[in-house]
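Chain by chain, the residues run as shown.
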Amino acid sequence: FDLNQFNEAFKGVLHVGSSTSITQYILPPLLARFHSIHQDVKVELLSGNSEQIEQALLKKNIELGVVEGKSKRREIHYTPFEIVLVCGSKNPLSSKEEIRPENLKEIPLLLREPGSGTLEVVADALRQKGIRLADLKVEMQLGSTEAIKSYLQHSDCMAFVSLHAVLKELKSGALKIIEIKKLPIHRH
């Protein structure tokens, strides 16, 4: 790769690692755009959980890792992604633009499963507002964002998901974002 830069050519292999949700929702359009610009760079993608990807990065098995969760490793630089509260367009609360954090205790919610990076980040943000997961009206915990998106379109629940995971549904009007007053949630 370095030798090809002398000729102003980009050739070689870029090793990228990412967690499952990132692999599904965020990387495909970015990798397609990257490939259209740098056709001679081969991308090898490693998928795993956040800790596995961080370990691969630290061991230099990959050059770039994209993970979710609230990581604490000082030797890695993290960039945040936004998590939003969404509901189906048929939900009676879809007419609201904003709710207060304490309203979350009264709304039926779908949450990700225990161990999910998204759940960890949401729990931490709510804890800072004095709200515990046990205070919430959790209708169900599901193990995938796709399952949550589908469930929302057939229920009066709301759910916290990555903004990148629902762009298509927001554009089509199937889902709607409900802002939470003074509670931005970022996943690093």
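In this text, all values refer to a predicted model and were calculated from it rather than measured experimentally. (Residues numbered from 1 in each chain as written. Predicted model: local features only at pLDDT ≥ 70, side-chain atom pairs only at ≥ 80, totals over all residues. Heavy atoms only, no water.)

Peer 1: Give me the lowdown on the overall build of the protein chain, citing residues and values where you can.
Peer 2: Counting secondary structure elements, the protein chain contains 7 helices and 11 strands. In terms of overall dimensions, the protein chain has C-alpha extents of about 60 × 35 × 25 Å along its principal axes. When the 188 residues of the protein chain are sorted by exposure, 40% land in the buried category. Considering only intrachain contacts with a sequence separation of at least 6, the fraction spanning at least 24 residues in the protein chain is 74%. In the protein chain, 25 side chains carry a positive charge and 23 a negative one; their mean positions are 4 Å apart. (Helix = DSSP H or I, 4+ residues; strand = E, 2+ residues; numbered from the N terminus. Buried < 20%, exposed > 50% of the residue type's maximum accessible area, 1.4 Å probe, protein only. Contact = heavy atoms within 4.5 Å. Lys, Arg positive; Asp, Glu negative; His and termini not counted. Charge placed at Lys NZ, Arg CZ, Asp CG, Glu CD.)

Peer 1: How would you summarise the confidence of the model for the protein chain if you had to cite specific residues and measurements?
Peer 2: For the protein chain, per-residue confidence averages 87 on the pLDDT scale, and residues scoring 70 or more make up 91% of the total. Across the protein chain, strand E9 (residues 175-177) holds the top mean pLDDT of 96, while helix H1 (residues 2-6) sits lowest at 60. (pLDDT = per-residue confidence, 0-100.)

Peer 1: Tell me what's going on with the pairing of strand E6 (residues 108-112), and back it up with residues and numbers.
Peer 2: Of all 5 residues in E6, 5 are buried, a share of seventy percent or more. Burial along E6 is two-sided: Pro-108, Leu-110 and Arg-112 and Leu-109 and Leu-111, pointing in opposite directions, are all buried. Taken together, the 5 bridges between E6 and strand E7 (residues 137-142) define a ladder with parallel strand orientation. Note that in E7 the partner of Leu-111 across the bridge is Gln-141. Crossover handedness for the path E6 to helix H5 (residues 117-127) to E7: right-handed. In this structure, E6 lies alongside strand E8 (residues 158-162), joined through 2 bridges in parallel fashion. From the neighbouring strand, Leu-109 faces E8, where its bridge partner is Met-158. (Pairing = 2+ DSSP bridges. Right-handed = clockwise from strand over helix to strand, strands pointing away.)

Peer 1: Which residues make up unusual backbone geometry, and what values go with them?
Peer 2: The residue Lys-60 is not glycine, and still its phi comes out positive at about 65°. For Lys-60, the location among the structural elements is in the loop between helix H4 (50-58) and strand E3 (64-66). We classify Lys-60 as exposed; its relative accessible area is 70%. Residues other than glycine seldom take positive phi values, yet Lys-182 does so here, at roughly 55°.

Peer 1: Could you give an account of empty space enclosed by the protein, naming the residues involved and the relevant values?
Peer 2: The full count for this structure, using the stated rule, is 2 cavities of 30 Å³ or more. By volume, the second largest cavity amounts to about 30 Å³. As for the second largest cavity, its lining consists of Leu-110, Leu-111, Arg-112, Thr-118, Leu-119, Val-122 and Phe-160. Classifying every residue of the lining of the second largest cavity gives 5 nonpolar, 1 polar and 1 charged. (1 Å grid on protein atoms, 1.4 Å probe; cavity = no way out; pocket = protein on both sides within 12 Å on 5 of 7 lines; lining within 4 Å. Points joined across faces, edges and corners; volume = space filled by probe spheres on them. Nonpolar A, V, L, I, M, F, W, Y, C, P; charged D, E, K, R; others polar.)

Peer 1: Please set out the pattern of salt bridges residue by residue, giving values where relevant.
Peer 2: One side chain can pair with another of opposite charge once the charged atoms of both are near each other. Evaluated as defined, the whole model comprises 8 salt bridges. Across the pair Glu-97 and Lys-176 runs a salt bridge whose closest N-O atoms are separated by 3.4 Å. One end of the pair, Glu-97, is in the loop between strand E4 (81-88) and strand E5 (98-99); the other, Lys-176, is in strand E9, with 79 residues separating them in the sequence. Classification of Glu-97 as exposed rests on a relative accessible area of 55%. With a closest N to O distance of 3.0 Å, Glu-169 and Lys-149 form a salt bridge. Of this pair, Glu-169 sits in helix H7 (residues 167-172) while Lys-149 sits in helix H6 (residues 145-152), and the two are 20 residues apart along the sequence. Salt bridges sharing common partners tie together Glu-146, Lys-149 and Glu-169. (Salt bridge = Lys/Arg side-chain N within 4 Å of Asp/Glu carboxyl O.)

Peer 1: Explain the sheet that holds strand E2 (residues 41-47) to me, and be specific about the residues and the numbers.
Peer 2: Read across the open sheet, the 3 strands follow the order E2-E1-E3; overall the sheet is parallel. In this open sheet, the two edge strands, each paired with only one partner strand, are E2 and E3. Direction aside, the axes of adjacent strands within the sheet are offset by 25° on average. Pairing between strand E1 (residues 12-18) and E2: 7 bridges, direction parallel. In the sheet register, Gly-17 faces E2, and the bridge partner there is Leu-46. (Axes fitted to C-alpha atoms, helices over the stretch in contact; angles between N-to-C directions.)

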